[in-house]
Amino acid sequence: MTQSNTDPSLLLLDNKEQYLTLRICNVMFGIPVTKVRDIFDQQKITFVPLAAPEILGEINLRGRIGTAIDMRRRLSFPKSKDEYPATMNIAVELHNELYSLVVDSVGEVMTLLNKDLEPLPVTLDQEWKDLAVGIFKLKNELLIILDIEKILNLNK
Amino acid sequence: MDDLLTEFIVESTENISQLDEDLVVLEKDPHNPKLLENIFRALHTIKGTCGFIGMPRLEKVAHAGENVLGAMREGTLIANNEVISLILECIDTVKMILMGLAGNSTEPPGDDEYLIQRLNGLLSVSEERSPSIVEEGMELSEKDSSHDSTSLIDENKTESLSNNLLENLITDQKSLSSEEAPRMSTQQNSSSKQAVEGEKDKEPLVANQSIRVNVSLLEELMTMISELVLTRNQLMQMVRESENNEFAVPLQRLNYVTAELQETVMKTRMQPIGTAWTKLPRLIRDLSNDLRKKIDLELIGSDTELDRQVIELIKDPLIHMVRNSADHGLENPHERLAAGKDETGKITLNAYHAGGHIHIEIADDGRGLSLQKIKDKAIANGFIRADAADTVPESQIYQFIFKAGLSTAEKVTNVSGRGVGMDVVKTNIEKIGGTIDVKSVVNKGTKFTIKIPLTLTIVSSLITEVQGNRFAIPQLSVLELVKISRTSQSKIEYIKSHPVLRLRKKLLPLIFLKELLKLEPPMEQEDVRANENCYIMILQVGEDVFGLIVDQVYDTQEIVVKPVSNLLRDVPIFGGNTILGDGSVIMILDPNGIAATLANSDVLDHIKNDFASEKAKKKAENKPILLIFQSHDQAYKAVPLLLVSRLEKFNVHDIEMDGDHYRAKYSEDLMPLLPIHDSFTLPSDGSVPVLVFTRNGQSLGIIVSKIINTIEESIELKIKSDNPAVLGSTIVDGMSTDIIDTEFYIQKAQKYWNNSLYKNLPTIYMGNKDFYISFLKPSLIAEGYNPIFIDNNDLSEDTLQIYKNAPLIALIEEDGQSTQETLSLLLGQDCKDLYILKLNMEPSSVSNENHESAVSVYKYDRKEILCQLSKIKTILNNLPAKPDQVVLGVPQ
């Protein structure tokens with residue numbers, strides 16, 4: 001239900017949208033805050049054998065079971081399991097199922113104008129192009145906005 | 001409008017389902033005004049409402065039905081079999097239209113004119129005849145009795161000629177039917193007549209106190225309760241760890257309330273099993289009409305409650321089983337009378353709680369399952385071997401009825417008997433974690449017992465660990481646990497690289513869970529795997545039993561199964577997941593998924609194949625089967641089983657002395673009996689075991705002391721014997737055993753046989769000497785051949801010189817290809833009539849094709865060898881006699 005009012009709103013240039021910023025390997029990403037259900041500190045994750053490599057395992061999110069997605073792996077960052085810093089879980093809900101995006105850290109919530117969202121540069125990695133919707137040019141750095149639905153679709 | 005329609009459909013469907021039941025009761029008790037009123041009102045409501053929301057087809061049908069019921073209410077029409085059948089048909093049509101409505105919100109097209117006409121026809125009959133009830137009664141009863149369904153009602157009408165009798169009968173019938181009414185109704189708790197009446201009066205009150213709640217709302221409530229329970233468990237664990245916690249007391253209270261809440265919410269999901277039984281009275285009524293059987297249905301414990309999800313799942317299997325009982329279980333009335341039973345068959349359904357499970361029994365007092373029929377079918381279908389059938393225990397034989405394709409019904413009726421069904425019933429019940437069992441006594445009846453869990457959402461599971469990961473596995477599928485350690489008796493053994501476990505003489509395939517879950521690569525080093533301490537969980541999935549090797553087994557826990565995430569759906573090994581008391585998530589292993597994965601990866605097949613190849617290997621070694629028996633001097637002796645025609649037991653009184661030997665009548669002939677040992681004296685009583693040998697239609701019996709068993713063993717004569725009756729000794733099963741020379745006994749018996757068929761024909765054999773002596777020679781000599789053994793090494797022109805220019809039969813072992821070539825070469829062009837019979841190691845490679853002059857026969861198939869030889873003999877005999885062609889020679 002959240003998805004129906006965010007995606008079209010991206011096209012309405014006068015509208016504002018709030019984004020939660022997060023960092024993975026020192027790159028800043030953003031996701032629409034409307035999709036975020038909860039943010040958790042590091043949690044115990046139950047490893048699930050035979051699952052896709054991006055799946056870290058199952059996680060208890062306030063009594064509900066969510067699937068933890070390794071965002072580093074999902075975004076094809078180099079494998080560095082041993083040097084994981086303290087991680088954060090961003091709980092998102094999609095089609096009545098809970099997921100937890102496991103990221104390095106979570107930043108602030110920014111309110112940005114839709115008209116400032118710029119298309120992805122053509123030189124961007126194809127993997128990222130498939131998962132992102134656009135880029136905001138902030139003062140100091142770039143903010144890549146991710147498409148949650150595509151992130152959670154591991155088959156593509 | 002949509003809401004209105006939905007409500008109408010829900011309400012009408014509910015009313016209608018009650019009607020089925022009421023009508024069946026009404027048929028037995030046509031004068032029950034309350035029942036009539038109920039039925040009339042239900043149909044009237046439907047008619048009224050559909051007129052209101054505009055459904056002409058439904059209205060017409062309901063109206064016609066209502067008219068007939070109206071006439072019955074006024075007493076101008078009496079409920080008999082015909083009338084009730086027509087009304088039931090009318091209700092079926094209403095149901096059909098309602099289903100169509102539920103499907104696409106409009107009435108399904110169709111014409112009910114025929115039905116309506118017949119319904120109206122009933123009315124006109126009743127109107128015409130109503131002035132003279134007596135006449136009607138007589139005519140109807142005459143018609144009905146010719147129709148062969150003499151129901152109580154018809155009798156009743158006939159009896160209406162006499163007022164006295166009528167009254168008696170009505171009272172009789174009332175007491176009978178009011179006994180039946182509570183049985184039929186789902187409200188079982190009252191058995192007395194008054195209680196039934198009272199209940200009917202109370203009904204509207206109860207109805208006002210209940211509200212309709214959407215099922216999904218209840219599901220949601222249930223899920224939330226599960227969460228609450230889990231959170232409570234977490235809290236409890238935390239509090240338990242810290243001493244003197246101030247939360248202890250309020251938590252105690254929370255614990256109590258949560259438990260109560262859980263129980264109450266569980267109750268909302270519970271439904272009396274009677275709701276799954278509502279269709280049965282009608283079903284039985286229809287069946288008893290169709291099958292011309294009298295059937296009583298008794299429903300006990302209809303108020304036993306269980307999860308509605310479970311009820312939905314067992315509904316169809318139950319109907320199927322009741323149908324089976326009525327069709328196959330119960331006999332025809334005349335059969336029942338002949339068997340000394342009451343004409344009316346009885347089917348009893350009994351539901352009750354026991355040990356956290358619901359037990360449902362479906363019993364009939366019919367003919368019972370025929371053990372022999374099932375056995376025959378099972379053999380015909382290849383489920384068991386014919387010779388093993390007698391050793392299979394009864395309970396196991398009965399289990400065969402749950403196999404696909406096995407029906408013991410001789411003819412397929414429109415009701416059942418197609419051999420599909422019971423297997424589906426079993427699968428459905430097993431799917432919800434239930435079991436089904438069957439007991440049967442011939443002529444007393446059959447009883448099926450279904451055991452199912454109360455609810456599907458909470459499952460008792462074993463927590464296990466492998467490689468530091470914990471997994472839960474439903475306890476129901478775990479048969480037992482075996483602990484493996486250095487000191488334990490049970491050991492993991494290997495066939496090739498597949499682990500197996502010997503468990504009470506059964507060989508179970510094993511799977512390492514860590515390998516299955518790819519937690520670690522498969523290890524080829526068997527020692528490494530075997531040395532570890534581990535546990536084996538013996539799992540049963542359908543027919544397959546296998547062991548799952550895990551590192552550790554913890555306690556059992558009641559867990560709430562939650563479906564796994566979409567992202568993990570493609571991993572069939574997991575049936576769900578849950579949160580444990582400590583807050584951690586645990587994956588639940590699905591035994592079905594594991595078995596399916598195994599079937600795909602062919603591990604089980606590999607194991608089976610390995611077994612098969614081991615067996616094949618044994619076969620390839622071509623060990624003949626030896627019959628081991630005991631001589632009268634207690635010594636063990638053996639004879640190739642193929643030489644023995646039969647094993648018999650003769651009663652000593654049937655054995656007579658004829659001069660110097662014993663004889664007995666055997667298949668229309670007198671057979672000489674020779675004791676295996678001279679010390680034999682005929683016992684005064686009992687029987688003696690006899691090995692029967694047959695040659696050319698003549699039989700010989702050898703009396704032995706005791707037949708021990710048969711064993712596959714290669715015959716290698718270790719020690720030659722001086723005893724002419726013994727070929728030599730060999731080691732069989734670790735014991736020195738004499739192999740008897742059947743030839744000696746046959747020679748001995750020759751003089752007792754009427755005419756000797758001993759004839760000499762040139763036959764040479766090249767190959768294994770032991771085989772020749774123990775098997776070939778006696779067979780050939782008995783048939784009148786004069787076999788000659790030639791050692792392969794002796795094969796030279798000189799040895800064969802004498803066979804030149806003569807017809808010759810050569811028996812050559814399959815692998816003696818070079819022998820055959822040498823033979824042809826040595827004999828050269830001079831031998832025109834060389835017949836070669838190849839002896840094969842394997843029965844499968846036998847070919848009767850005649851390539852050139854060589855015929856192949858299985859080495860141990862005595863009959864076939866002799867058959868082929870006699871063919872050759874016939875050819876030889878038909879040749880013009882040339883005296884110089886017969887060359888004989890017997891080497892010493």
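Residues numbered from 1 in each chain as written. Chains lettered and ligands numbered in written order. Predicted model: local features only at pLDDT ≥ 70, side-chain atom pairs only at ≥ 80, totals over all residues. Heavy atoms only, no water.

**Q** Please explain the overall build of chain B as it appears in this structure.
**A** A count of helices and strands for chain B gives 27 helices and 35 strands. Burial statistics for chain B: of 892 residues in total, 47% are counted as buried. For chain B, the accessible area works out to roughly 45600 Å², and carbon and sulfur atoms hold 51% of it. (Helix = DSSP H or I, 4+ residues; strand = E, 2+ residues; numbered from the N terminus. Buried < 20%, exposed > 50% of the residue type's maximum accessible area, 1.4 Å probe, protein only. Areas by Shrake-Rupley, 256 points an atom, 1.4 Å probe, with all protein chains shown as cover.)

**Q** Explain the overall build of chain A here, please?
**A** When its secondary structure is counted, chain A shows 4 helices and 11 strands. Classification of the 156 residues of chain A by burial places 50% in the buried group. Within chain A, counting contacts between residues at least 6 apart in sequence, those at least 24 apart form 57% of the total. Carbon and sulfur atoms make up 50% of the accessible area of chain A, which totals about 8200 Å². (Contact = heavy atoms within 4.5 Å.)

**Q** It is not clear to me how the sheet that holds strand E24 (residues 669-675) of chain B should be interpreted in this structure. Could you clarify?
**A** By way of backbone hydrogen bonds, the strands of a sheet pair with one another, either parallel or antiparallel. Residue and element names in this part refer to chain B. Here we have 6 strands laid out as an open sheet, ordered E21-E25-E26-E24-E23-E22, and mixed in their pairing. Of all the strands in the sheet, just strand E21 (646-651) and strand E22 (655-658) have a single pairing partner and so form its edges. Taken pair by pair, the neighbouring strands of this sheet meet at an average axis angle of 40 degrees, ignoring direction. Inspection of the sheet shows E21 paired to strand E25 (residues 687-695) by 6 bridges, in the antiparallel sense. By the bridge assignment, Asn651 is partnered in E25 with Ser687. Sheet strands in contact with helix H23 (residues 742-750) are E24, E25 and strand E26 (698-703), and its direction is about 130 degrees off that of E24. (Pairing = 2+ DSSP bridges. Axes fitted to C-alpha atoms, helices over the stretch in contact; angles between N-to-C directions.)

**Q** Would you mind going over a nonpolar patch on the surface with me for this structure?
**A** A contiguous nonpolar surface patch, about 310 Å² in accessible area, is contributed by Ile211, Val213 and Leu217 of chain B. Among the structural elements, Leu217 of chain B can be located in helix H10 (residues 215-241). (Patch = residues over 30% accessible without salt bridge, like charges linked within 9 Å, V, L, I, M, F, W, Y side chains within 5 Å. Salt bridge = Lys/Arg side-chain N within 4 Å of Asp/Glu carboxyl O.)

**Q** I would appreciate a short explanation of the pairing of E22 of chain B in the present structure.
**A** Looking along a regular strand, one sees the side chains alternate between the two faces of the sheet. Residue and element names in this part refer to chain B. Two strands pair when backbone bridges link them, and E22 and strand E23 (residues 661-666) are joined in this way by 4 bridges, in the antiparallel orientation. Along E23, the bridge assignment pairs Met657 with Tyr662. Counting the residues that bridge the hairpin from E22 to E23 gives 2 residues, and of these Gly659 lies at a positive phi of roughly 65 degrees.

**Q** Would you take a moment to explain the interface of chain B and chain A for this structure?
**A** With 25 residues of chain B in contact, the opposing surface of chain A contributes 20 residues. On the chain B side of the interface with chain A, the three residues burying the most area are Leu567, Leu568 and Val585 of chain B, jointly 34% of the side's total. Applying the counting rule to chain B against chain A returns 0 salt bridges. Here chain B and chain A share 5 residue pairs in polar contact (both at pLDDT 80 or more) between them. Taken together, the elements giving at least two residues each to the side of chain B that touches chain A come down to H10, strand E9 (469-474), strand E17 (574-579) and strand E18 (585-589) of chain B. Sort the elements by how many residues they give to the side of chain B that touches chain A and E17 of chain B lands first, with 4 residues. Residue composition of the side of chain B that touches chain A, by class: 12 nonpolar, 8 polar and 5 charged. (Buried area = accessible area lost by both parts, 1.4 Å probe. Polar contact = N/O pair within 3.5 Å; in protein donor to acceptor, adjacent residues only side chain to side chain. Nonpolar A, V, L, I, M, F, W, Y, C, P; charged D, E, K, R; others polar.)

**Q** How do you make sense of the sheet that holds strand E6 (residues 64-70) of chain A when you look at a structure like this?
**A** All names here are of chain A. If you trace the 6 strands from one edge of the open sheet to the other, you get E3-E7-E8-E6-E5-E4, paired in mixed fashion. Across the chains shown, the open sheet's two edge strands, defined by having one partner strand only, are strand E3 (36-40) and strand E4 (45-46). Where strand E7 (residues 88-94) and strand E8 (residues 97-103) come together, 7 bridges link them in antiparallel fashion. Its bridge partner lying in E8, Glu93 is registered against Leu98.

**Q** Help me understand the packing of aromatic side chains in this model?
**A** Geometrically, a pair of aromatic rings is defined through the distance of the ring centres and the angle of the planes. Applying the stated rule across the entire model yields 5 aromatic pairs over all chains. Judged by centre distance (6.1 Å) and plane angle (15 degrees), the ring pair of Phe471 of chain B and Phe574 of chain B falls under stacked. Of this pair, Phe471 of chain B sits in strand E9 while Phe574 of chain B sits in strand E17; the two residues are 103 residues apart in sequence, bridging distant segments of the chain. Per residue, the accessibility class of Phe471 of chain B equals that of Phe574 of chain B, and both read buried. An aromatic cluster is defined as three or more aromatic residues linked by ring pairs; in this entry it consists of Phe29, Phe77 and Trp128 of chain A. (Phe/Tyr/Trp six-rings, centres within 6.5 Å; stacked < 30°, edge-to-face > 60°.)

**Q** Looking at this model, I keep getting lost on helix H3 (residues 56-74) of chain B. Mind explaining?
**A** Owing to its 3.6 residues per turn, the α-helix brings residues three or four apart onto one side. Residues and elements named next belong to chain B. Its 19 residues place the ends of H3 26 Å apart at the C-alpha level, agreeing with the 27 Å of an ideal helix rising 1.5 Å per residue. Where H3 is concerned, the buried positions are Arg57, Leu58, Val61, Ala62, Ala64, Gly65, Glu66, Val68, Leu69, Gly70, Ala71 and Met72. Phi turns positive, to about 90 degrees, at Gly75, one or two residues after H3. (Expected span 1.5 Å × (residues − 1).)

**Q** What's the story with the environment of Ser705 of chain B in this structure? I'm lost.
**A** Residue and element names in this part refer to chain B. Along the chain, the position of Ser705 falls in the loop between E26 and strand E27 (706-712). The class for Ser705 is partly exposed, based on a relative accessible area of 31%. Placed 72 residues apart in sequence, Ser705 and Asp633 show a C-alpha to C-alpha distance of 8.4 Å. The contacts of Ser705, once residues within four sequence positions are left out, are Gln630, Ser631, His632 and Pro689.

**Q** I'm lost on the confidence of the model for chain B in this one. Help?
**A** Low pLDDT means the predicted coordinates in that region are not meant to be read closely. Residue and element names in this part refer to chain B. Overall, the predicted model of chain B reaches an average pLDDT of 72, with 71% of residues at or above 70. Here helix H6 (residues 133-146) is the element of chain B with the lowest mean pLDDT, 41, and E18 is the one with the highest, 90. For the stretch residues 129-207, pLDDT sits under 50, and the model shows 83 contacts to residues farther than four places along the chain or on other chains. For residues 414-420, every residue scores under 50 in pLDDT, and the model assigns this stretch 21 contacts once sequence neighbours within four places are set aside. For this predicted complex, the interface confidence reaches an ipTM of 0.82, while the overall pTM sits at 0.45. (pLDDT = per-residue confidence, 0-100.)

**Q** Explain helix H16 (residues 371-380) of chain B here, please?
**A** All names here are of chain B. Of all the positions in H16, only Ile374, Lys375 and Ala378 are classed as buried. Buried residues of H16, viewed axially, fall in a sector of 100 degrees; they line one side. Those residues of H16 hidden inside the fold are in contact with helix H17 (394-399). Backbone geometry just downstream of H16 places Gly382 in the positive-phi region, at approximately 80 degrees. (Arc of directions from axis to C-beta.)

**Q** Whenever I open this one, the pattern of salt bridges confuses me. Can you help?
**A** Pairing is possible between side chains of opposite charge, provided their charged atoms come close. All names here are of chain B. On inspection of all chains with the given rule, the structure shows 21 salt bridges over all chains. In this structure, Glu298 engages Lys346 in a salt bridge whose closest nitrogen and oxygen atoms are separated by 3.1 Å. Residue Glu298 is found in strand E2 (residues 295-300), and its partner Lys346 is found in strand E4 (residues 345-354); the two are separated by 48 residues along the sequence. When its relative accessible area of 33% is taken as the criterion, Lys346 is described as partly exposed. Between Glu335 and Arg367 there is a salt bridge whose closest N-O contact spans 3.3 Å. One end of the pair, Glu335, is in helix H15 (residues 333-338); the other, Arg367, is in the loop between strand E5 (357-364) and H16, and 32 residues separate them in sequence. For Glu335, a relative accessible area of 32% gives the class partly exposed.

**Q** Quick question: what am I supposed to make of the nonpolar core here?
**A** Across soluble globular proteins, you tend to see nonpolar side chains buried next to one another. Counting residues in hydrophobic clusters, the biggest one holds 60 residues, and the most contacted among them are Leu75 and Leu101 of chain A together with Leu548 and Phe574 of chain B. Top contributing element to this core by residue count: strand E14 (residues 534-541) of chain B, with 4 residues. Aside from chain neighbours lying at most four places away, what touches Leu101 of chain A is Ile31, Ile69, Met71, Met88, Asn89, Ile90, Val92, Ile148, Ile151 and Leu152 of chain A. Of all hydrophobic cores here, the second largest spans 47 residues; its members include Leu297, Ala378, Val438 and Ile450 of chain B. (Core = buried A, V, L, I, M, F, W, Y, C linked by side-chain atoms within 4.5 Å.)

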